[in-house]
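# Overview (structure and organization)
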Amino acid sequence: MKEKELISGIQQIGVGIPDVHAAKRWYRDAFCMAAQVFDSKGTADLMIDYTGGKVESRHAVLSLNMAGGGGMEIWQYTSKVPVKPAVQPRYGDLGIFACRIKSSDVAKAHAVLESRGAKTIHKNPEGLPTFWIEDPWGNPFQVVQGHDWFKPKAQHTGGVYGAVIGVSDIEKSLPFYRDLFGLKEQVYDVTGNFDDIPETGKFRRVLLRKRAAGAGAFGRLIGGMEIELVQSLDRTATKIFEGRHWGDAGFIHLCFDVLDIKALKAKLEDARHPFTVDSGETFEMGEGSGRFAYCEDPDGTLIEMVETHKVPIMKKFGWYLSLKNRDPQKPLPNWMVGMLALSKVK
């Protein structure tokens, strides 16, 4: 009997931004994040342990690229000015350094994004083309070759494919991402100096990948995922969010789309990575709802997990899709998933 999937893929990556409206337009135009899942204002009550013991107000927008991949959760504090890092994070620093965006044609994506500051194309250790680009707020993105699509070749990029995460000890971090979150395919494990990264120095790099399984309501849209773990070998890495709070400027979390959050909770507890935040039952998030939780990787990087219960299809007509009472392993029909495109980022 086939083992049930606990994770369908990466639902979104969270990024702290000083202007949510400018950011959602930039991500729409640069990375085709044109489908808006929610636009929500409120307070982050459950995140108080990560916001300095004070409940902060926020404005959050989640947008998707309908070619396939995860989304961008754009997060802006409204109760304070988000704090920027004192020093620009470096490749290999501890935490989420960059978001990986997938493309079916990296050269085409580079041509489209060159006017926005796309760097030179290089080949990565897998032998595939890749390039780097920063958003207007200094957040690094790496465009990489995608391996699965909801709408093949629909545009120059797809959505979020994964992340580049700095760790202090790859051997300690491998079991966390590989065994607990199902990224079991080890694409490469290389050590040295590299041309395809934005930093000089000696690094160990391990790329983990999970092929698309198609499980979950939105599994066909989300597709596969990959995470590159990076360990700096010739300098002492610093924590990217040292002295700052969740929600401040930069990549604040990586979020997995979870199909059975109770089973995942038990698995994480057995591995001594318990939930540090847990909404309990259904939590309302703007027009959508679900159960969400957080845990930390061995270096304290925040991982969010969301079991989706309801998503808006067309808010102005009161169209919502309830997922709570359906088989979580079963994908939705493509035409139904495609209806998410009806709500567009303006």
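Here the structure is shown first, and the text comes after it.
Residues numbered from 1 in each chain as written. Predicted model: local features only at pLDDT ≥ 70, side-chain atom pairs only at ≥ 80, totals over all residues. Heavy atoms only, no water.

## Some thoughts on the side chain of Lys-24
- Position of Lys-24 among the secondary structure elements: in helix α1 (residues 20–31).
- Relative accessible area serves as the criterion here: at 10%, Lys-24 is assigned to the buried category.
- Filtering out sequence-adjacent residues up to four positions away, Lys-24 remains in contact with Gln-36, Asp-39, Val-61, Ile-74 and Val-345. (Helix = DSSP H or I, 4+ residues; strand = E, 2+ residues; numbered from the N terminus. Buried < 20%, exposed > 50% of the residue type's maximum accessible area, 1.4 Å probe, protein only. Contact = heavy atoms within 4.5 Å.)

## Brief notes about the packing of aromatic side chains
- Under the definition given, this model contains 17 aromatic pairs.
- Between the aromatic rings of Phe-181 and Phe-256, the centroid separation amounts to 4.5 Å while the plane-to-plane angle is 15°, which identifies the pairing as stacked. Taken as a pair, Phe-181 in the loop between α3 (170–180) and β10 (185–192) and Phe-256 in strand β13 (residues 250–258) lie far apart in primary sequence, 75 residues in all.
- On the basis of relative accessibility, which here comes to 0%, the residue Phe-256 falls in the buried class. (Phe/Tyr/Trp six-rings, centres within 6.5 Å; stacked < 30°, edge-to-face > 60°.)

## Section: the pattern of salt bridges
- For the coordinates displayed, the defined rule picks out 19 salt bridges.
- The closest approach of N and O atoms between Glu-185 and Arg-209, which form a salt bridge, is 3.9 Å. On the criterion of sequence distance, the pair formed by Glu-185 in strand β10 and Arg-209 in strand β11 (residues 203–210) is long-range, its members being 24 residues apart.
- Between Asp-189 and Arg-204 there is a salt bridge, and its shortest N-O distance comes to 2.7 Å. Here Asp-189 is found in strand β10, whereas its partner Arg-204 is found in strand β11, with 15 residues between them in sequence.
- Judged by its relative accessible area of 16%, Arg-204 is buried.
- Salt bridges sharing partners connect three or more residues here, namely Arg-100, Glu-126, Glu-185, Arg-209, Arg-211 and Glu-226. (Salt bridge = Lys/Arg side-chain N within 4 Å of Asp/Glu carboxyl O.)

## Some remarks on the environment of Gln-11
- In this fold, Gln-11 is placed in strand β1 (residues 7–16).
- With a relative accessible area of 13%, Gln-11 lands in the buried category.
- Excluding residues that lie within four positions of it along the chain, Gln-11 makes contacts with Gly-70, Gly-71, Ile-222, Cys-255, Phe-256, Asp-257, Val-306 and Thr-308.
- Within polar-contact distance, the side chain of Gln-11 engages the side chain of Thr-308 at 3.3 Å. (Polar contact = N/O pair within 3.5 Å; in protein donor to acceptor, adjacent residues only side chain to side chain.)

## With respect to the sheet that holds β10
- Strand order in the open sheet made by the eight strands is β6-β7-β8-β5-β9-β12-β11-β10, with mixed pairing throughout. For this open sheet the edge positions go to β6 (122–123) and β10, each flanked by a neighbour on one side alone.
- Bridge count for β6 against strand β7 (residues 129–134) is two bridges, and the pairing is antiparallel. Directly across from His-122, in β7, lies its bridge partner Thr-130.
- Along the sheet, helix α2 (residues 106–113) contacts β5 (95–103), β7 and β8 (140–145); its crossing angle with β7, the most-contacted strand, is approximately 25°. (Pairing = 2+ DSSP bridges. Axes fitted to C-alpha atoms, helices over the stretch in contact; angles between N-to-C directions.)

## A few points about the environment of Tyr-91
- Mapped onto the elements, Tyr-91 comes out in the loop between β4 (71–77) and β5.
- Using a relative accessible area of 1% as the deciding quantity, one classes Tyr-91 as buried.
- As a C-alpha pair, Tyr-91 and Ala-163 span 72 residues in sequence and 12 Å in three-dimensional space.
- Setting aside chain neighbours within four positions, we find Tyr-91 in contact with Phe-97, Trp-132, Val-164, Ile-197, Pro-198, Glu-199, Phe-203, Arg-205, Glu-228, Val-230 and Arg-235.
- A polar contact of 3.0 Å, which involves the side chain of Tyr-91, links it to the side chain of Arg-205.

## Brief notes about helix α5 (residues 261–270)
- Taken residue by residue, α5 has Ile-261, Leu-264 and Leu-268 as its buried positions. Taken end-on, α5 shows its buried residues confined to a sector of 60°, consistent with a single buried face. Exposed residues lying more than 90 degrees from the buried face of α5 are Lys-262 and Asp-270.
- At the exit of α5 stands Arg-272, carrying a positive phi of roughly 65°. (Arc of directions from axis to C-beta.)

## Considerations on the nonpolar core
- Tyr-27, Phe-31, Met-72, Phe-181, Leu-254 and Phe-256 are the most contacted members of the largest nonpolar core, which totals 55 residues.
- No other element matches the six residues that α1 contributes to this core.
- The residues touching Tyr-27, leaving out its near neighbours within four places in the chain, are Val-15, Ile-17, Cys-32, Met-33, Met-72, Ile-74, Asp-135, Trp-137, Asn-139 and Phe-141.
- By size, the runner-up hydrophobic cluster in this structure holds 31 residues, among which are Val-37, Tyr-77, Phe-150 and Val-311. (Core = buried A, V, L, I, M, F, W, Y, C linked by side-chain atoms within 4.5 Å.)

## Quick notes on the pairing of β7
- The turn joining β6 and β7, which pair antiparallel and follow one another in sequence, is formed by five residues; a positive phi near 90° is taken by Gly-127.
- Here β7 runs beside β8; their pairing, made up of four bridges, is antiparallel. Paired with Ile-133 across the strands is Phe-141, a residue of β8.
- Counting the residues between successive antiparallel strands, the hairpin from β7 to β8 contains five residues, one of them, Gly-138, with a positive phi of roughly 85°.

Purely geometric numbers; function is a separate question.
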